[in-house]
Amino acid sequence: YEEKGTNHGKKFYQKMQKIAGHEDVKVFLYYWDARDGADFSGWWFGDQVGGSQVWARTPSHGASPPRVGWKVPWDAAVAEPGILSVDPTTASPVAPPTAAAAVAMKPGVGALNPAALQ
């Protein structure tokens, strides 16, 4: 992940590594403030900054993305431990050694290979 700019006062990042079989997929890690309501604020993974295709969210409002607390899919009732963690030092998602990152999309939106987030 490489820092690409700021959004709503915080840095955002883009995945630079291409994923075999998913070369066109762009992945961004960005912050969205509460302008659209508390349910849409926090840190997000999506195909563009502020886009409607999103995969994971945490309601955290820290200066950098948190390591844990990610909901996958973004609108899950609770964040399941071990699904997704982020190294805040590098803003890189890391899959825990005992759990595969399972990324599911909102019904009717499609699916994304979890490798696109790693």
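Right above here is the structure, for reference.
These lines cover the structure that appears in this document, whether it is placed above or below. (Residues numbered from 1 in each chain as written. Predicted model: local features only at pLDDT ≥ 70, side-chain atom pairs only at ≥ 80, totals over all residues. Heavy atoms only, no water.)

Some points on the overall build of the protein chain
When its secondary structure is counted, the protein chain shows 0 helices and 7 strands. Listing every helix and strand of the protein chain by position from the N terminus yields β-β-β-β-β-β-β. Counting only residues that meet the buried cut, the protein chain has 41% of its 118 residues in that class. In the protein chain, of all internal contacts separated by at least 6 residues, the share reaching a separation of at least 24 is 33%. Carbon and sulfur atoms make up 53% of the accessible area of the protein chain, which amounts to about 6,200 Å² in all. (Helix = DSSP H or I, 4+ residues; strand = E, 2+ residues; numbered from the N terminus. Buried < 20%, exposed > 50% of the residue type's maximum accessible area, 1.4 Å probe, protein only. Contact = heavy atoms within 4.5 Å. Areas by Shrake-Rupley, 256 points an atom, 1.4 Å probe, with all protein chains shown as cover.)

What to know about the pairing of strand 3 (residues 28-32)
Most of strand 3 sits inside the fold, with 5 of its 5 residues counted as buried. The alternating pattern of strand 3 places Phe28, Tyr30 and Trp32 and Leu29 and Tyr31 on opposite faces, both of which are buried. As defined by bridge partners, strand 2 (residues 10-14) adjoins strand 3 across 2 bridges and the pair is classed as antiparallel. Counterpart to tyrosine 13 in the pairing with strand 3 is leucine 29. Two strands pair when backbone bridges link them, and strand 3 and strand 4 (residues 42-46) are joined in this way by 5 bridges, in the antiparallel orientation. Bridged to tyrosine 31 within strand 4 is tryptophan 43. (Pairing = 2+ DSSP bridges.)

Some remarks on the pairing of strand 1 (residues 2-7)
One ladder, built from 5 bridges, connects strand 1 with strand 2; its direction is antiparallel. In the sheet register, glycine 5 faces strand 2, and the bridge partner there is phenylalanine 12. In textbook terms, the turn of a hairpin is the stretch between consecutive antiparallel strands, and for strand 1 and strand 2 this stretch comprises 2 residues, one of which, histidine 8, has a positive phi near 50°.

So, the packing of aromatic side chains
This structure, assessed with the given rule, holds 7 aromatic pairs. Between tyrosine 30 and tryptophan 32 the ring centres are 6.5 Å apart and the planes differ by 80°, which places this aromatic pair in the edge-to-face class. For tryptophan 32, a relative accessible area of 18% corresponds to the buried category. Where phenylalanine 45 meets tryptophan 70, the ring centres are 5.1 Å apart and the plane angle is 55°; that geometry is what we call tilted. (Phe/Tyr/Trp six-rings, centres within 6.5 Å; stacked < 30°, edge-to-face > 60°.)

Structural notes on the side chain of glutamine 14
Inspection of the secondary structure assignment puts glutamine 14 in strand 2. Beyond its immediate sequence surroundings of up to four residues, glutamine 14 is in contact with Tyr1, Glu2, Lys4, Lys26, Val27 and Phe28.

Topic: the pattern of salt bridges
Taken as a whole and assessed by the stated rule, the structure comprises 3 salt bridges. The partner of lysine 4 in a salt bridge is glutamate 2, with the nearest N and O atoms 3.3 Å apart. Take glutamate 2: its relative accessible area is 38%, and that puts it in the partly exposed class. Between glutamate 3 and lysine 11 there is a salt bridge; the shortest N-O distance is 3.6 Å. For glutamate 3, a relative accessible area of 44% corresponds to the partly exposed category. (Salt bridge = Lys/Arg side-chain N within 4 Å of Asp/Glu carboxyl O.)

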